[in-house]
Amino acid sequence: KAGIPLGVMKVLDPRQLKPDSMETERILTVLDETIVKLEITRLILLITGSLERYARMLGPEITGRLLEHQKLSMKLQHLLTSSGDEKSIRALEQHLKCSLRNILRLFLANPLLYHGLKYQVRVRESPADVFIKAFMEFRNFTLERLLTSPDEEKEKIQFMKDISLRVEKNVARISALQEELTGVIQTRDEEVNMKDKMIKNLKTSMEDLAKGCKVDIQQITKEGEKQQKEDEKASQDRCARLQLDIQRLGTKFNALVLEHRASELVLRKEKCKTEKEILKWVQKYDTDMAQKQATYEEVQAVYNEEKEELAMLMEKHALLIQEYTQIEEERRRLKEKEEEAAREEARRNDAATCIQAIWKGYLVRSIYKSILKKAKGRGKGK
């Protein structure tokens, strides 16, 4: 498909053709309607045979028209068989055509009814199907001719010529390959004949070899029979010796069985004694474990109570630690306040001391100034 031009592809594949003008669409519409009418006409011939079955689906109007059409068909068939008047036959044919056109109009006005009948009625193959198929091919051919341009037609012709050339080349190539195949077959036949001759020669040599081997086989058979007799005699002697050994070993086996039964009886007594001791120890173990289990349960109960008390004490301890932390924090804050108050008191004392010292200095200076003033006054009076 990659090497086929687009125009040729459209011509070769009618599904890719699409109408590109109003006239083309009208022509196609007429052809499609004709195809539908042909299919409806094919259905009418089947429906009229069993109108009672499809009467409810068709409705009273279409059923009445079909009954009338059936009567006209029967009347026309009767006139044709009885060689009636040609004029009356033509009039009846015209009347039958008008009836068929009216029925087709009713079906075309209700397309759903047509599609429903198409799936309900079992259509058998008939010459009408061949005609409808041929008409559909004519419709596709018409569409192809309407939508094929001159350039596309030229491309199609050129494409067909190229295909013809390819076919001729392929035919020539096939002829050459057939000749080559004939030569290969002839060569193979010659090889097969040579192998057949070789097989015949091998068969002849095998027959000669079989004859020579037969004498050797007879001689080997005699020697084998002689050796077999000697082996049988030696085997009989050996069987006698083995029988004596079996008897001797059987006597020894019986003695060992008696010995082992006595030892088995002693071991069984020891086993019974051991089982009794094991049972006693198991009972003692169960008793001890029951006592220890009771002790364990008592200790576990005490442990659970103490654990609950410990949990309560831990909760109280946590509360006490929290209260202690709050008290310590309160003490720390009080201590800080006291220290701050002491520092404030010290600052106030220092300030008071300084103020007192300044005040005392001021008083001393004031007194000293007044004394100096008085001394100066006395000196001036003198």
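What you see is a predicted model; the values in this text were computed from it and never measured.

(A) Up close: the overall build of the protein chain. In terms of helices and strands, the protein chain carries eight helices and zero strands. Burial status across the protein chain gives 13% buried among its 382 residues.

(B) Seen up close, the nonpolar core. By size, the foremost hydrophobic cluster in this structure holds 12 residues: Ile40, Leu43, Ile44, Ile47, Leu58, Ile62, Leu66, Ile103, Leu104, Phe107, Leu113 and Leu117. Elements with a minimum of two residues in this core: α2 (22–47), α4 (60–81), α5 (86–109) and α6 (111–120). A total of four residues in this core trace back to one element, the largest contributor, which is α2. In terms of nonpolar packing, the next biggest core, distinct from the first, is built from six residues, Leu76, Leu79, Ile89 and Leu92 among them.

(C) Structural context of the pattern of salt bridges. All chains considered together, the criterion is met by 12 salt bridges. With its nearest N and O atoms 3.8 Å apart, the salt bridge here joins Glu344 to Arg348. With Glu344 and Arg348 both in helix α8 (residues 150–381) and four residues apart, the pair spans about one turn of that helix. Relative accessible area serves as the criterion here: at 29%, Glu344 is assigned to the partly exposed category.

(D) Spotlight on α4. Between its first and last C-alpha atoms α4 spans 31 Å; for 22 residues at 1.5 Å apiece the expected length is 32 Å, and the two agree. Buried residues of α4: Ile62, Thr63, Leu66, His69, Leu72, Leu76 and Leu79, and no others.

(E) Inspection of the environment of Asn140 at higher detail. In this structure, Asn140 sits in helix α7 (residues 127–147). Taking the relative accessible area as the measure of exposure, Asn140 reaches 29% and is therefore partly exposed. C-alpha separation for the pair Asn140 and Leu31, spaced 109 residues apart in sequence, amounts to 9.7 Å.

(F) Molecular detail of a positive patch on the surface. A contiguous patch of positive charge, built from Lys37, Lys97, Arg101 and Arg105, is present on the exposed surface. If you tally residues by element for the positive patch, the top one is α5, at three residues.

(G) Structural detail: the confidence of the model for the protein chain. On average, the protein chain scores 79 in pLDDT, and the residues at 70 or more come to 86%. When the elements of the protein chain are averaged for pLDDT, helix α1 (residues 6–12) gives the smallest value, 43, and α8 the largest, 84. Across residues 1–17, where pLDDT falls below 50, the model places 21 contacts with residues more than four positions away in sequence or in other chains.

(H) Focus on a negative patch on the surface. On the surface, Glu305, Glu306, Glu308 and Glu309 cluster together to form a negatively charged patch. Mapped onto the fold, Glu306 is located in helix α8.

(I) Representation of the packing of α4 against α5 in the model. Viewed as axis vectors pointing N to C, α4 and α5 meet at an angle of 155°, and their least axial separation amounts to 10 Å. Between α4 and α5, the angle is such that the two are roughly antiparallel. Considering how the two elements wind past one another, α4 and α5 form a crossing that is left-handed. Across the interface between the two elements, Glu61, Ile62, Arg65, Leu66, Glu68, His69, Leu72, Ser73, Lys75, Leu76, Leu79 and Leu80 from α4 touch Ser88, Ile89, Leu92, Glu93, His95, Leu96, Ser99, Leu100, Asn102, Ile103, Leu106 and Phe107 from α5. Here the contact of α4 with α5 is built from residues that sort into 13 nonpolar, six polar and five charged.

(J) Here's a closer look at a nonpolar patch on the surface. Where nonpolar side chains cluster on the molecular surface, the patch consists of Trp359, Tyr362, Leu363, Ile367 and Ile371 and spans about 520 Å² of accessible area. Take Trp359: it is sitting in helix α8.

(K) Structural context of the side chain of Arg139. Along the chain, the position of Arg139 falls in helix α7. Those residues in contact with Arg139, other than ones at most four positions away along the chain, are Leu28, Leu31, Asp32 and Ile35.

Quick notes on the rules
- Residues numbered from 1 in each chain as written.
- Predicted model: local features only at pLDDT ≥ 70, side-chain atom pairs only at ≥ 80, totals over all residues.
- Heavy atoms only, no water.
- Helix = DSSP H or I, 4+ residues; strand = E, 2+ residues; numbered from the N terminus.
- Buried < 20%, exposed > 50% of the residue type's maximum accessible area, 1.4 Å probe, protein only.
- Core = buried A, V, L, I, M, F, W, Y, C linked by side-chain atoms within 4.5 Å.
- Salt bridge = Lys/Arg side-chain N within 4 Å of Asp/Glu carboxyl O.
- Expected span 1.5 Å × (residues − 1).
- Patch = residues over 30% accessible without salt bridge, like charges linked within 9 Å, V, L, I, M, F, W, Y side chains within 5 Å.
- Areas by Shrake-Rupley, 256 points an atom, 1.4 Å probe, with all protein chains shown as cover.
- Lys, Arg positive; Asp, Glu negative; His and termini not counted.
- Charge placed at Lys NZ, Arg CZ, Asp CG, Glu CD.
- pLDDT = per-residue confidence, 0-100.
- Contact = heavy atoms within 4.5 Å.
- Axes fitted to C-alpha atoms, helices over the stretch in contact; angles between N-to-C directions.
- Parallel < 35°, antiparallel > 145°, perpendicular 65-115°, else oblique.
- Left-handed = near helix turned anticlockwise from the far one by under 90°.
- Nonpolar A, V, L, I, M, F, W, Y, C, P; charged D, E, K, R; others polar.

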